[in-house]
Amino acid sequence: MPRIYFTVVVSGTAWFSLAFLLFLIHHESRDVLRTVQQGIVADVPVNSGQVHDGGGGGGGHHHFHAHPSEGNGRRSNAHSREEKDLDPILGQIDKDIPRFGPGEGGQPVLLSGEALGRAKLTRHLHNYNLVVSDKISVERSVLDTRNQRCQDITYKFSNLPSATVIIAFHNEAWSTLMRTVHSVINRTPRDVLKEVILVNDASDDDELQKKLRNIPPLVRSKVRLIHSKQREGVTRANLRGAKEARGEVLVFLESHCEVNTHWLEPMLDLIHQGPTTVVSPIVDPIDADTFAYRAAPLARHSFRWNLEPRSVPLSKIEIAERLNPLEPVRSPLLSGGIFAVAKSFYDRVGGLDGGLTGFSEAGIDFSFKAWMCGGSVYVVPCSRVGRISLLAQPTSDAGADTSSRDHDSIRIAESWMDTYLEEFYSTVPGAKDRYFGDISDITKRKEKLNCHNFAWYLNHVAPSLLATSHRTKRAWGQIQNREARLCLTAPSGGEGKKVILDSCHSNANSQMLLMTKDYEIRFEELCLDLSDYRFGQHVTIEECHGMGGSQAWIHSKPGHIQHRESELCLDISAGRTYKAQMVTNECNERSAQNWEFSHYSKTAAKH
């Protein structure tokens, strides 16, 4: 018995000490925050026009381009403006100080037992873990995933345009929706955030409807709630939000996001410099099961000929040539449905296409519209937004089914791809002659605005896609070695990795290669490259440089794939203790050197 009493006393003392320590930490952090606030307020000169954005460091001004010397005169009381600008910054410091609780700091939440069982039973409702979402605070802190140099940039809020954030939703989980809204309120300077418009696209969840009638006071002052009487689909719901918006910039956000530290200022700054610029943040993935928040690499966004969007990491050469890692990145497409655009430019080019149903597709359409009708699209490295990587498209979402997505792709292709339409239809079997709606208004607006054609877009914005068109192909599809029954496969990880051999899988993107009339064998922006002209060397994939040399290959149907300069052929080396590998060898008549593409152009011949 004495042992039991001793154990109880020791355990109780330990728990009491921990609780007391947490109490001290919490109150000390509040005292530190008050001290910081007093220090910052004391350091702000009365006539300074300089406002810090909470970037945590020295730094001074840093902008990508020269700003106009002064703002537009809309705001006059400099002293009161500076003190007001401090409020949201200090509020953000308060929200993002180290906190304790499930998921804080963007950490994963792992379930077990009964909670895990409930999660499995409910995951189909939203295509993410509802139980975990409900456990996490709607004001949780997240990891600041920006480049550290972003913290040294300051923005003069009086120069930035005001913004309306538009969030359309249908039956979104309350905790997830409120986490999206709270993150926007907590991490956006009050003076640039005009409003948050929530567009309820005819949700029929009774519990959600009840909670929407009692939006928390913390966010009520900035939130406007609009209800659709009948289901419109996310694109038309966003159209309605844009029509009601009062801000100078429209920011479209999805309803299962968490914006990161100072997410909006970099986008507004770039739009302030060029009102025809449409801007995307880097979209960080939030795990659908654990809600872990992770950093995404800087990338631009492009697409395949079937209009399937894809992310394209910057090449090693691009990264090396970037004098400033914070410079915005020119991008053929926006990042799905998350972007910012000046309302004046949005209205001038005709806004979103209401004939579309899915919002990712609407982002592709608006990207084409922006580039071809006088604007541009950029990704801003210092802006980060987390988005839940849904396990699947929600079946309850209007237009989420495959036939509707096909409808959207056909409509976009017919609206914008003109003389390159056959490239699209060749990759989407059965799409031709399907109804895609009336696009006469789009055609009229293109004529009125004197928009560029798709050939201009390919040449000036997406030249790597132009290199993969049927007009430049000798052969395409899988490259199979019939003796080994294996296919050339592009490795994961991108540049510098060796090309591997793997079992042939139909429709595997990593096995879809093509040979161009310029003697390249391409996997999208990357080319087969041989840097060592000796026997037994591996072939790698590198950024296509268009100069032949290490990336020039000769092929006949079927037969050798021969490196043009070294005159070595692709061969298979296989041993008892390791998998078959592709290596270079002296050309011979062995069947292991016999390769064949899935498709050849009519004029394909040995070159």
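Residues numbered from 1 in each chain as written. Predicted model: local features only at pLDDT ≥ 70, side-chain atom pairs only at ≥ 80, totals over all residues. Heavy atoms only, no water.

A. Spotlight on the pattern of salt bridges. This structure, assessed with the given rule, holds 24 salt bridges. In this structure, the salt-bridge partner of Glu114 is Arg118, at a minimum N-O distance of 2.6 Å. Highlighted residues: Glu114 and Arg118, both in helix H3 (residues 113-126), separated by 4 residues, approximately one helical turn. Residue Glu114 is classed as exposed on the basis of its relative accessible area, which comes to 53%. Under the relative-accessibility criterion, Arg118 is labelled partly exposed at 37%. (Salt bridge = Lys/Arg side-chain N within 4 Å of Asp/Glu carboxyl O. Helix = DSSP H or I, 4+ residues; strand = E, 2+ residues; numbered from the N terminus. Buried < 20%, exposed > 50% of the residue type's maximum accessible area, 1.4 Å probe, protein only.)

B. Structural context of the side chain of Ser203. Relative to the helices and strands, Ser203 resides in the loop between strand E2 (193-200) and helix H6 (206-212). Among residues more than four places away in sequence, those in contact with Ser203 are Phe169, His170, Asn171, Leu208 and Gln209. (Contact = heavy atoms within 4.5 Å.)

C. Structural context of the pairing of strand E7 (residues 299-303). Among the 5 residues of E7, 5 are classified as buried, and the element is accordingly described as predominantly covered. Side chains of E7 alternate between two faces, with Ala299, His301 and Phe303 and Arg300 and Ser302 buried alike. Judged from the 5 bridges that link them, E7 and strand E8 (residues 309-313) form a sheet pairing that is antiparallel. The residue bridging Ala299 from the neighbouring strand is Pro313, located in E8. (Pairing = 2+ DSSP bridges.)

D. Geometry of the side chain of Lys473. Locating Lys473 in the fold gives a position in strand E12 (residues 473-481). This buried residue, Lys473, is left without a salt bridge; Glu423 holds the nearest opposite charge, at 5.1 Å. Residues in contact with Lys473, not counting those within four places in the same chain, are Thr468, Leu514, Met515, Thr516, Lys517 and Ser601. (Lys, Arg positive; Asp, Glu negative; His and termini not counted.)

E. How the structure looks around the state of the cysteines. Applying the stated criterion across every chain yields a total of 5 disulfides. Bridging Cys373 to Cys451, the disulfide has an S-S length of 2.0 Å. With the S-S bond torsion at 110°, the cross-link from Cys373 to Cys451 turns out right-handed. Here Cys373 is found in the loop between helix H12 (359-372) and strand E11 (376-388), whereas its partner Cys451 is found in the loop between helix H15 (440-449) and helix H16 (454-460), with 78 residues between them in sequence. The exposure class of Cys373 is buried, given its relative accessible area of 5%. For Cys451, a relative accessible area of 15% puts it in the buried group. Shown here is the disulfide that connects Cys487 with Cys504, its sulfur atoms set 2.0 Å apart. (Disulfide = S-S within 2.5 Å.)

F. Summary view of the nonpolar core. Ranked by size, the top nonpolar core spans 99 residues in total, and within it Phe252, Leu253, Trp263, Phe368, Phe454 and Tyr457 carry the most contacts. The element contributing the most residues to this core is H12, with 8 residues. Setting aside chain neighbours within four positions, we find Phe252 in contact with Ile166, Asn238, Ala242, Gly337, Ile338, Phe339, Val341, Tyr346, Leu352 and Phe359. Membership of the second largest hydrophobic core comes to 25 residues, among which are Val499, Leu513, Leu530 and Tyr600. (Core = buried A, V, L, I, M, F, W, Y, C linked by side-chain atoms within 4.5 Å.)

G. Focus on the packing of aromatic side chains. Applying the stated criterion across every chain, the model contains 14 aromatic pairs. Considering the side-chain rings of Phe424 and Tyr425, the 5.2 Å spacing of their centres and the 65° angle between planes classify their relative orientation as edge-to-face. In terms of burial, Phe424 and Tyr425 fall into one category: buried. An aromatic cluster of at least three residues, connected via ring pairs, comprises Phe303, Trp305, Phe368, Tyr420, Phe454 and Tyr457. (Phe/Tyr/Trp six-rings, centres within 6.5 Å; stacked < 30°, edge-to-face > 60°.)

H. Spotlight on unusual backbone geometry. Backbone geometry at Asp433 places phi at a positive 70°, although glycine is not the residue there. Following the sequence through the fold, Asp433 ends up in the loop between helix H14 (421-427) and H15. Notably, Tyr519 is not glycine yet its phi reads approximately 70°, a positive angle. Along the polypeptide, Tyr519 turns up in the loop between strand E15 (513-516) and strand E16 (521-523).

I. The arrangement of helix H5 (residues 174-186) in detail. Over its 13 residues, H5 extends 18 Å from the first C-alpha to the last, a length consistent with the 18 Å expected when each residue adds 1.5 Å. The buried fraction of H5 amounts to 13 of the 13 residues, a majority that puts the element mostly inside the structure. (Expected span 1.5 Å × (residues − 1).)

J. Region of the structure containing the environment of Ser409. Relative to the elements of secondary structure, Ser409 occurs in helix H13 (residues 402-416). A relative accessible area of 13% means that Ser409 is categorised as buried. Along the sequence, Ser409 and Val428 sit 19 residues apart, while their C-alpha atoms lie 9.5 Å from each other. Setting aside residues no more than four positions away along its own chain, Ser409 makes contact with Asn306, Leu307 and Phe424.

Don't take any of this as a statement about function, it's just geometry.
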